[in-house]
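# Structure assessment
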Amino acid sequence: MPEHIVYSGHFVDEPDELATKVGGKLTGDDAITHAHHVTHTYKPEGLDGIKLGTKRTLHITGEVVTDRVHAVTVESPDGSVISTKEHPHITIATANGAKPVESDAAIAQAMQDKTIIPIHPPIPVETTDGYFDGKVVRLE
């Protein structure tokens, strides 16, 4: 068992490709691209629900764009639980000074207001299960 896990998750195999497919919607030249993972559990005590190195195809089903964050909602095509978060997502980009965690509130608000932009058909995204130890992503 790893000593320190900041978060476990499903790490996007081709983040640059994903950012190109769905990015570019956050205004401003200072947007910071992320597009690299779906958080499974933040500060987990173990790797429950994650099997290191497991490949998964997830589906991007919706999109939220504010002046601070651009995020996409994701689901597992087989309906399995992929996150302990209420709204599993990938933060695509943030404005300068915004934190990726702001995507949680932006998505919750968009769900409540029914302003989430649906994506049909869903966009598949290939991921690999792993964790971030505070320095590097571990997939094995």
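The structure presented is a predicted model; accordingly, all values stated were derived computationally and were not measured.

## Points about the packing of aromatic side chains
- Inspection of every chain in the model, using the stated rule, returns two aromatic pairs.
- With a centroid separation of 6.0 Å and 20° between ring planes, the pair formed by Tyr-7 and Phe-11 is classed as stacked. Accessibility assignment for this pair places Tyr-7 and Phe-11 in one class, buried.
- A connected cluster of aromatic rings, assembled from ring pairs, spans Tyr-7, Phe-11 and Phe-132.

## Notes on the nonpolar core
- Residues Leu-18, Ile-60, Ile-90, Ile-92 and Val-125 are the most contacted members of the largest nonpolar core, which totals 15 residues.
- The set of elements that each furnish at least two residues to this core consists of helix H1 (15-22), strand S4 (55-65), strand S5 (69-75), strand S6 (89-94) and strand S7 (117-132).
- Here this core gets three residues from one element, more than from any other, and that element is H1.
- If we ignore the near neighbours within four places in the chain, the residues touching Val-125 are Val-12, Leu-18, Arg-56, Thr-57, Leu-58, Ile-60 and Ile-90.
- Of all hydrophobic cores here, the second largest spans six residues; its members include Val-69, Ala-71, Ile-107 and Ala-110.

## Quick notes on helix H2 (residues 102-113)
- Helix length check: H2, at twelve residues, gives a terminal C-alpha distance of 17 Å against a target of 16 Å (1.5 Å per residue), a fit within 8%.
- Within H2, the full set of buried residues consists of Ser-103, Ala-106, Ile-107 and Ala-110. The buried residues of H2 all sit within an arc of 95° when viewed along its axis, so they share a single face. Within H2, the exposed residues directed more than 90 degrees away from the buried face are Ala-105 and Gln-112.
- Looking at the packing, one finds that the buried side of H2 touches S4, S5 and S6.
- Looking one or two places after H2, you find Lys-114, whose phi comes out positive at around 60°.

## Remarks on unusual backbone geometry
- A cis amide bond links His-120 to the next residue, Pro-121, at an omega of -5°.
- Among the secondary structure elements, Pro-121 is positioned in strand S7.
- Non-glycine residue Lys-43 carries a positive phi angle of around 50°.
- Residue placement: Lys-43 occurs in the loop between strand S3 (37-42) and S4.
- Residue classification places Lys-43 among the exposed residues on the basis of a relative accessible area of 56%.

## Details of the side chain of Thr-41
- Positionally, Thr-41 belongs in strand S3.
- On the accessibility criterion, Thr-41 (16% relative accessible area) is buried.
- Looking at Thr-41, its side chain comes within polar contact range of the side chain of His-40, at 2.8 Å.
- Beyond its immediate sequence surroundings of up to four residues, Thr-41 is in contact with Val-6, Tyr-7, Ser-8 and Thr-84.

## What to know about H1
- All of the buried residues in H1 are Leu-18, Ala-19 and Val-22. Looking straight down H1, one finds its buried side chains confined to an arc of 100°; they lie on one side. For H1, the exposed residues lying more than 90 degrees away from the buried face are Asp-16 and Thr-20.
- Tucked inside the fold, the buried residues of H1 contact strand S1 (7-12), strand S2 (32-33), S4, S5, S6 and S7.
- Note on H1: the residue one or two positions beyond its end, Gly-24, has a positive phi of about 80°.

About the criteria used
- Residues numbered from 1 in each chain as written.
- Predicted model: local features only at pLDDT ≥ 70, side-chain atom pairs only at ≥ 80, totals over all residues.
- Heavy atoms only, no water.
- Phe/Tyr/Trp six-rings, centres within 6.5 Å; stacked < 30°, edge-to-face > 60°.
- Buried < 20%, exposed > 50% of the residue type's maximum accessible area, 1.4 Å probe, protein only.
- Core = buried A, V, L, I, M, F, W, Y, C linked by side-chain atoms within 4.5 Å.
- Helix = DSSP H or I, 4+ residues; strand = E, 2+ residues; numbered from the N terminus.
- Contact = heavy atoms within 4.5 Å.
- Expected span 1.5 Å × (residues − 1).
- Arc of directions from axis to C-beta.
- Polar contact = N/O pair within 3.5 Å; in protein donor to acceptor, adjacent residues only side chain to side chain.

That's the geometry; what it means functionally is another story.
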